[in-house]
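One letter stands for each residue in the lines below.
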Amino acid sequence: MTPHGRKLRLATVVREAGIADSGVLSAMAQVPREAFVPEAFQDQAYENRALPIGHGQTVSRPDVVATMTDALAPTRRMKVLEVGTGSGYQTAILAHLTRRVYTVEQDRSLLRLARERLTRLRCHNVTSRIGDGWQGWPEQAPFPRILVTAAASGVPSRLADQLDPGGVMVTPVTTPEGGQELVRLTRDTDTGRFTEERLGQVRFVPLISTTDGSADRADHERS
Ligand code: SAH
């Protein structure tokens, strides 16, 4: 299949995932996934599968990236916090759709590579740093949107606290049965209370606890 044919197939995969938002479709069409995939997996860059990016991490499946972005419903005027830069692929998609992306990654060499790729693709509205995503980005909080691309046992409470009233966070969480589900957390504009929606099964690498054990606290009593 030609590179063009592969891209068309990816667009079909995204549409088949139920994505109709023209902004998301266009961002998915514009960001070249091959730029985020290691040399050894170039031929699979447009397959609908997660691929290894080194250090035990993966670039997420395109339909999952599209679904999460769609569930987040970001707009041009928003800044977004992303936890887990990884390859930078999801970062680039968000950069196409928002005013600025603040992205945190715990792995130094992954972040260095992601920065190089994002610069090469002229995604200039990205600010990144090495750090513990459990802590969010307090200096820039609150955020109208937060996207987490690694799974914890519940919604990280410090991240929830960094959501604007009316804000939305999308994050994978592990289930007691050993699976994972995508969760969308919305903070009520008036009451500040959180509601949780379950958006289906997913599979992500774990959200690593990089500082201390207390960071591993999840808050299940918010909805
Ligand atoms: N969105 C990425 C995929 C991310 S894989 C992409 O499109 O390529 C999950 C990433 O989260 C990995 O790079 C991992 O190093 C990072 N991560 C895991 N725990 C973290 C933490 N506590 N803080 C910051 N990053 C973390």
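Residues numbered from 1 in each chain as written. Predicted model: local features only at pLDDT ≥ 70, side-chain atom pairs only at ≥ 80, totals over all residues. Heavy atoms only, no water.

### Considering helix α4 (residues 89-97)
Most of α4 sits inside the fold, with eight of its nine residues counted as buried. Among all positions of α4, only Tyr89, Gln90, Thr91, Ala92, Ile93, Leu94, Ala95 and Leu97 are buried. (Buried < 20%, exposed > 50% of the residue type's maximum accessible area, 1.4 Å probe, protein only. Helix = DSSP H or I, 4+ residues; strand = E, 2+ residues; numbered from the N terminus.)

### What about the environment of Leu94?
Mapping Leu94 onto the fold places it in helix α4. Beyond its immediate chain neighbours, meaning those up to four positions away, Leu94 contacts Thr69, Leu72, Val80, Glu82, Val101 and Leu147. (Contact = heavy atoms within 4.5 Å.)

### Remarks on the site of the ligand
Taken together, 23 residues are adjacent to the ligand, and Ser87, Glu105, Gln106, Gly133 and Ile208 come closest. Between an oxygen atom of the ligand and a side-chain N or O atom of Ser87, the distance comes to 2.6 Å. In the model, a nitrogen atom of the ligand is placed 2.6 Å from a nitrogen or oxygen of the Ile208 main chain. Across the complex, the protein chains shield 100% of the 580 Å² of accessible surface that the ligand would expose by itself. Secondary structure elements with two or more residues in the shell around the ligand: β2 (57-59), α4 and β4 (100-105). In terms of residue count, the dominant contributor to the shell around the ligand is β2 (three residues). Its residues placed into classes, the shell around the ligand shows nine nonpolar, twelve polar and two charged. (Near = heavy atom within 4 Å. Polar contact = N/O pair within 3.5 Å; in protein donor to acceptor, adjacent residues only side chain to side chain. Areas by Shrake-Rupley, 256 points an atom, 1.4 Å probe, with all protein chains shown as cover. Nonpolar A, V, L, I, M, F, W, Y, C, P; charged D, E, K, R; others polar.)

### Quick notes on the UniProt feature "active site" (unreviewed entry) in the chain
If you check UniProt for "active site" (unreviewed entry), the listed places come out as Ser60 in our numbering. Within the secondary structure layout, Ser60 lies in the loop between β2 and α3 (62-72). Setting aside residues up to four positions removed in sequence, Ser60 forms contacts with Arg33, Ala50, Val65 and Phe204. (UniProt positions renumbered as here; feature names shortened; annotations may be inferred.)

### Some details on the pattern of salt bridges
When the charged atoms of two side chains lie near each other, side chains of opposite charge can form a pair. On inspection of all chains with the given rule, the structure shows seven salt bridges. The residue Arg129 makes a salt bridge to Glu139 at a minimum N-O spacing of 3.3 Å. Here Arg129 is found in strand β5 (residues 126-130), whereas its partner Glu139 is found in the loop between β5 and β6 (143-148), with ten residues between them in sequence. What makes Arg129 partly exposed here is its relative accessible area of 26%. (Salt bridge = Lys/Arg side-chain N within 4 Å of Asp/Glu carboxyl O.)

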